[in-house]
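The lines below spell out each chain.
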Amino acid sequence: MRHLILGVCLAVAPPACAQGIADLSPGARDYVEGNILGTLYHEMGHALIDQLDLPVLGQEEDAADMLAVVLAHGLWEEDYARRVAAATALSFLLSSQEGNETSYWDVHGPDEQRYYNTVCLFYGANPEGRADFAELFELPEDRAALCPEEFTLADESWGAFLYEIELEEGADPATALTVSDGGGDPEITVLLQDEITDLNAIYALPEPVVVHHEPCGEVNAFYFPETRSISICTEYVDYLIEQAIGAEL
Ligand SMILES: [Zn+2]
């Protein structure tokens, strides 16, 4: 049983925003790019759960959020890993401050919880090297003490299945992931293409997955099991830009 619609929890009105990321300050650009990669990893989590028929012992959305941190930590050097984790966490925090009523019925946990979970897992992956990260994001000590174990559990749980699709060293890159340009910001499309090239060099998904960067009519991102496709909505990119400008990044 799979959810039909799975995506980040950003149920707000689409902003009237026509700016592209090329017009942004470096901080705002980092924020948008970091979030796009974190969201791509999250949606890849849904794709892997679907394609590998993975057991999910809890909320699938939490499992997908965990994969986003596991991949940000595992695939990137420290500076960029921090950029992805910080952007993802900050977006949850900003979203929680937008005055929307918390939807406890939603398949996603509340934004504030997703914020602390993201900060905790990323800190827990390297507690000695990321004490400043935990401090900056105000992770309470009581939770911080548990985070190394939480990350180990997430890393080992996802790692067992990532290992199954990891290419052998020297193998030709996979071709399962592709990007379809649906008319969004060309720089975001290039970002997705570059990331997918990197992912195809490491992992071979069992079935093809097309990543669409396209208008969806709402601020969101999705994995569709029926078509085995991911949509990164242009409205979501616009929303991230609005968040970045609003937070004066
Ligand atoms: Zn999701």
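Computed from a predicted structure; not experimentally measured.

Q: For this particular structure, what's the right way to read helix H7 (residues 147-165)?
A: Given 3.6 residues per helical turn, the α-helix brings residues three or four places apart onto the same face. The first and last C-alpha atoms of H7 sit 27 Å apart over 19 residues, in line with the 27 Å expected at 1.5 Å per residue. The principal kink in H7, of about 35°, is found at glycine 159. Here H7 has its buried residues at Cys147, Phe151, Ala154, Trp158, Leu162 and Ile165. Those residues of H7 that are buried are in contact with helix H1 (26-51), helix H2 (60-75), helix H4 (111-124), helix H6 (141-144) and helix H8 (186-202).

Q: Quick question: what am I supposed to make of the nonpolar core here?
A: Proteins that are soluble and globular tend to have nonpolar side chains buried together. Grouped together as the largest cluster of nonpolar side chains are 73 residues, with contacts concentrated most on Val32, Ile36, Leu162, Leu205 and Val211. At 11 residues, H1 tops the list of elements feeding residues into this core. Setting aside anything within four residues of it in sequence, one finds valine 211 in contact with Leu40, Leu177, Thr178, Val179, Ser180, Leu192, Ile196, Ile230 and Ile232.

Q: How do you make sense of the sheet that holds strand E1 (residues 177-181) when you look at a structure like this?
A: Whether parallel or antiparallel, the strands of a sheet pair through hydrogen bonds between backbone atoms. Taken together, the four strands give an open sheet; going across it, the order is E1-E2-E4-E3, and neighbouring strands pair in mixed fashion. With partners counted over all chains shown, the strands left at the sheet margins are E1 and strand E3 (221-224), one partner each. Taking each pair of neighbouring strands and ignoring which way they run, the sheet shows an average axis angle of 20°. The pairing of E3 with strand E4 (residues 229-233) spans four bridges and is classified as antiparallel. Residue alanine 221 lies in a different strand from E4, and its bridge partner there is isoleucine 232. Against the sheet, H8 contacts E1, strand E2 (209-214) and E4, and its axis sits at roughly 170° relative to E1. The strands that helix H9 (residues 234-246) touches are E2 and E4; relative to E4, the one it contacts most, it runs at about 40°.

Criteria and thresholds
- Residues numbered from 1 in each chain as written.
- Predicted model: local features only at pLDDT ≥ 70, side-chain atom pairs only at ≥ 80, totals over all residues.
- Heavy atoms only, no water.
- Helix = DSSP H or I, 4+ residues; strand = E, 2+ residues; numbered from the N terminus.
- Expected span 1.5 Å × (residues − 1).
- Bend = angle between axes of the 7 residues up to and from the residue.
- Buried < 20%, exposed > 50% of the residue type's maximum accessible area, 1.4 Å probe, protein only.
- Contact = heavy atoms within 4.5 Å.
- Core = buried A, V, L, I, M, F, W, Y, C linked by side-chain atoms within 4.5 Å.
- Pairing = 2+ DSSP bridges.
- Axes fitted to C-alpha atoms, helices over the stretch in contact; angles between N-to-C directions.

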